[in-house]
Amino acid sequence: MKEMFGAFAKKLFGVGYERLKKTVLIFLMVYWGLHIAGIRVGISPFILYLMVSTFSAGVMWQALSSDDNRENMENLFMLPFERKKLIFSYVSALGSYTFFTKTAGLMAVALGISSFSGWEIAGGIFCAASAILMAACVYVGKRHLFADLLWAAAYFAMIFLLGNSPVLLPLLCGNILLAGLVLAGTDAYLFYAPARYGRRKIFHGGGQVARIPSARYFLTWRYLFRYLIVHKNYLANTVVLWGAAFWLPVLLGEFGDWSVMPVGFAVLSFNTPICILLSADPDLERAVRFLPGQNKAFCVPYCLFIFLFHMTAEVIFLCGWEIRIGLPKTGGAGIMVVLLAVFFALVSAAGSVLLEWFCPVRGWKIESDLWHHPRKYVVPAAMLLSAGAVSLFF
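Residues numbered from 1 in each chain as written. Predicted model: local features only at pLDDT ≥ 70, side-chain atom pairs only at ≥ 80, totals over all residues. Heavy atoms only, no water.

Q: Pulling in residues and values, what's your account of the overall build of the chain?
A: Each helix and strand counted, the chain has 18 helices and 0 strands in total. Expressed as a percentage of the 394 residues in the chain, the buried residues total 45%. Counting contacts in the chain only where the partners sit at least 6 residues apart, residues at least 24 apart contribute 85% of the total. Approximately 19,200 Å² of the chain is accessible, and the part contributed by carbon and sulfur atoms is 73%. (Helix = DSSP H or I, 4+ residues; strand = E, 2+ residues; numbered from the N terminus. Buried < 20%, exposed > 50% of the residue type's maximum accessible area, 1.4 Å probe, protein only. Contact = heavy atoms within 4.5 Å. Areas by Shrake-Rupley, 256 points an atom, 1.4 Å probe, with all protein chains shown as cover.)

Set out below in structure tokens:
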């Protein structure tokens, strides 16, 4: 089991675990910097447990769903293996990756700005372990949706009701044991996700490569929409953002002035998953850069594709603002607001495409690294700064 775990871990952390050492050192520096800065925010223990649990489960799910892991599993299944050893080695490696490279950063920030006892810190660690194992169980038990939802509801109810009680820790240990028993009886092949249909059909096979340099931009749109259909987590993120766009006027409306609307337009440019589609598919990037004239044939429709999603969010935001507060009716203020929505949607889309073309994210191990890469937030941060500058003129 040790050798099998090492094979997975070295893929995630590097041959000499150099990535793990560097990440842990960075998180320690973040914690110490926040601690000595004197910034203090009161965080209830059950809030810490909720944050750690949801974040760890989400990252673990992304790691399990990674196409790169699918290819590794495909190679491994060609060799003889012992079922339980493979399952626990694989889950332990991905769980260690989730905790030490992602969850540990969240806990470093929380511990740096708030004070927790040793039992509460232990509770956070056990919550992370419990959420990681539950995510693995749910991933292989997708056919038992009702049981999975009931288990998750019971887990979060336990945190809500007993989040500040010392009884929570033994219950978390019991939940970890239960998850371990579920995994022990699981078929290892359930962790192997078959290749997603349609991911590379546009640029590979069927003589279609020769047609890409043409002016038929709909081929790029077709590829991008098919990519989103098979990667439903990208669509889920978009739907959640659109839902937030409708309720965002409630928050911004408290300022009592429509001049804060540019801030809302900037916030809605945070739909980062659709802005990293070139980095997420190295095969697509190689194909696009290999063929002549692709800087226009691919980038223009990709920019319009992102603009469409951003503009949809902006329209939902404007409709929500009109329903709850009312858009400005005097002079050309109403037209100015619409033009600002188009401006922020178009500029953020163009900036995202330019970053993808000139500074794609490379060297990531699994897709979870890509989802949490700091480069994704360059354009949204620039949009927020621009929104602040624009709001000063109203």
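Q: Pulling in residues and values, what's your account of a nonpolar patch on the surface?
A: Together, Val 24, Leu 28 and Phe 100 make up an exposed nonpolar region whose accessible area comes to about 240 Å². Along the polypeptide, Leu 28 turns up in helix α2 (residues 18–37). Given a relative accessible area of 53%, Leu 28 falls into the exposed group. (Patch = residues over 30% accessible without salt bridge, like charges linked within 9 Å, V, L, I, M, F, W, Y side chains within 5 Å. Salt bridge = Lys/Arg side-chain N within 4 Å of Asp/Glu carboxyl O.)

Q: For the layout of surface pockets, give the residues involved together with the corresponding values.
A: By volume, the largest pocket is sized at about 560 Å³. Lining the largest pocket are 20 residues; nearest its centre among them are Arg 19, Thr 101, Lys 102, His 372 and Pro 374. The element that contributes the greatest number of residues to the lining of the largest pocket is α2, accounting for 5 residues. Its residues assigned to classes, the lining of the largest pocket shows 8 nonpolar, 6 polar and 6 charged. (1 Å grid on protein atoms, 1.4 Å probe; cavity = no way out; pocket = protein on both sides within 12 Å on 5 of 7 lines; lining within 4 Å. Points joined across faces, edges and corners; volume = space filled by probe spheres on them. Nonpolar A, V, L, I, M, F, W, Y, C, P; charged D, E, K, R; others polar.)

Q: Give a description of the environment of Trp 119 that names residues and reports values.
A: Position of Trp 119 among the secondary structure elements: in helix α6 (residues 118–140). Using a relative accessible area of 65% as the deciding quantity, one classes Trp 119 as exposed. Taking the C-alpha atoms as reference, Trp 119 lies 9.9 Å from Pro 45; in sequence the two are 74 residues apart. Ignoring any residue separated from it by four or fewer positions in sequence, one finds Trp 119 in contact with Tyr 49 and Leu 169.

Q: Run through the nonpolar core, naming residues and quoting values.
A: Met 60, Leu 64, Val 91, Leu 183 and Phe 191 are the most contacted members of the largest nonpolar core, which totals 45 residues. Going through the elements one at a time, α1 (2–13), α3 (45–64), α5 (83–113), α6, α7 (145–162) and α8 (168–184) are the ones with two or more residues in this core. Broken down by element, the residue count for this core peaks at 11 residues, all from α5. If sequence neighbours within four positions are ignored, Leu 183 has contacts with Ile 87, Phe 88, Val 91, Leu 133, Ala 136, Cys 137 and Phe 191. If you look at the next biggest cluster of nonpolar residues, it comprises 27 residues, including Tyr 223, Leu 278, Leu 284 and Phe 298. (Core = buried A, V, L, I, M, F, W, Y, C linked by side-chain atoms within 4.5 Å.)

Q: Go over the packing of α3 against α5, please, and point to the residues and values.
A: Contact geometry for α3 and α5: axes closest at 9 Å, N-to-C directions at 140°. With respect to each other, α3 and α5 are oriented oblique. Every pair of crossing elements has a handedness; the one defined by α3 and α5 is right-handed. Contacts between α3 and α5 involve Leu 48, Met 51, Val 52, Phe 55, Ser 56, Val 59, Met 60, Ala 63 and Leu 64 on the former and, on the latter, Tyr 90, Val 91, Leu 94, Gly 95, Tyr 97, Thr 98, Lys 102, Thr 103, Leu 106, Met 107 and Ala 110. Among the residues forming the contact of α3 with α5, the class breakdown is 15 nonpolar, 4 polar and 1 charged. (Axes fitted to C-alpha atoms, helices over the stretch in contact; angles between N-to-C directions. Parallel < 35°, antiparallel > 145°, perpendicular 65-115°, else oblique. Left-handed = near helix turned anticlockwise from the far one by under 90°.)

Q: Break down the confidence of the model for the chain for me, with residues and values.
A: Here the chain shows a mean pLDDT of 79. Residues at 70 or above account for 84%. Model confidence for the chain, summarised as mean pLDDT per element, is weakest for helix α4 (residues 67–76) at 66 and strongest for α6 at 91. The low-confidence segment residues 195–217, where pLDDT is below 50, has 51 contacts with residues more than four positions distant or belonging to other chains. (pLDDT = per-residue confidence, 0-100.)

Q: With reference to specific residues and values, describe the packing of α5 against α8.
A: Two numbers describe how α5 lies on α8: the axes approach to 10 Å, and their chain directions differ by 135°. The orientation of α5 relative to α8 falls into the category oblique. Facing α5, whose interface residues are Arg 83, Lys 84, Ile 87, Phe 88 and Val 91, α8 presents Gly 180, Leu 183 and Ala 184. For the contact of α5 with α8, the per-class residue count stands at 5 nonpolar, 1 polar and 2 charged.

Q: Explain the packing of aromatic side chains residue by residue, including any values.
A: Counted by the stated rule, this structure contains 14 aromatic pairs. Measuring from ring centre to ring centre gives 5.9 Å for Phe 46 and Phe 160, while their planes differ by 50°; the resulting arrangement is tilted. Placement of Phe 46 in helix α3 and of Phe 160 in helix α7 is noted, with a sequence separation of 114 residues between them. On the basis of relative accessible area, Phe 46 is assigned to the partly exposed category, the value being 21%. (Phe/Tyr/Trp six-rings, centres within 6.5 Å; stacked < 30°, edge-to-face > 60°.)

Q: I'd like to hear about the state of the cysteines, residue by residue, with values.
A: All chains considered together, the criterion is met by 0 disulfides. Cysteine Cys 275 remains unbridged, with the sulfur of Cys 303 as its closest cysteine sulfur at 9.9 Å. For Cys 275, a relative accessible area of 7% corresponds to the buried category. (Disulfide = S-S within 2.5 Å.)

Q: If you had to explain the side chain of Ser 269 to someone new, which residues and values would you point to?
A: Within the secondary structure, Ser 269 is located in the loop between α11 (261–267) and α12 (277–280). For Ser 269, a relative accessible area of 4% translates into the label buried. Of the polar contacts made by the side chain of Ser 269, one reaches the backbone oxygen of Ala 266; its length is 2.5 Å. (Polar contact = N/O pair within 3.5 Å; in protein donor to acceptor, adjacent residues only side chain to side chain.)

Q: Account for α3, with residues named and values stated.
A: When the terminal C-alpha atoms of α3 are compared, their 28 Å separation across 20 residues agrees well with the 28 Å that a helix rising 1.5 Å per residue should span. Taken as a whole, α3 has its buried residues at Pro 45, Leu 48, Tyr 49, Leu 50, Val 52, Ser 53, Ser 56, Val 59, Met 60, Gln 62, Ala 63 and Leu 64. (Expected span 1.5 Å × (residues − 1).)

Q: Can you tell me about the side chain of Ser 114, naming the residues and giving the values?
A: Secondary-structure assignment places Ser 114 in the loop between α5 and α6. Among the polar contacts made by the side chain of Ser 114, one reaches the main-chain carbonyl oxygen of Val 41 at a distance of 3.1 Å. With near-sequence residues (within four places) excluded, Ser 114 lies in contact with Val 41, Gly 42 and Ile 43.

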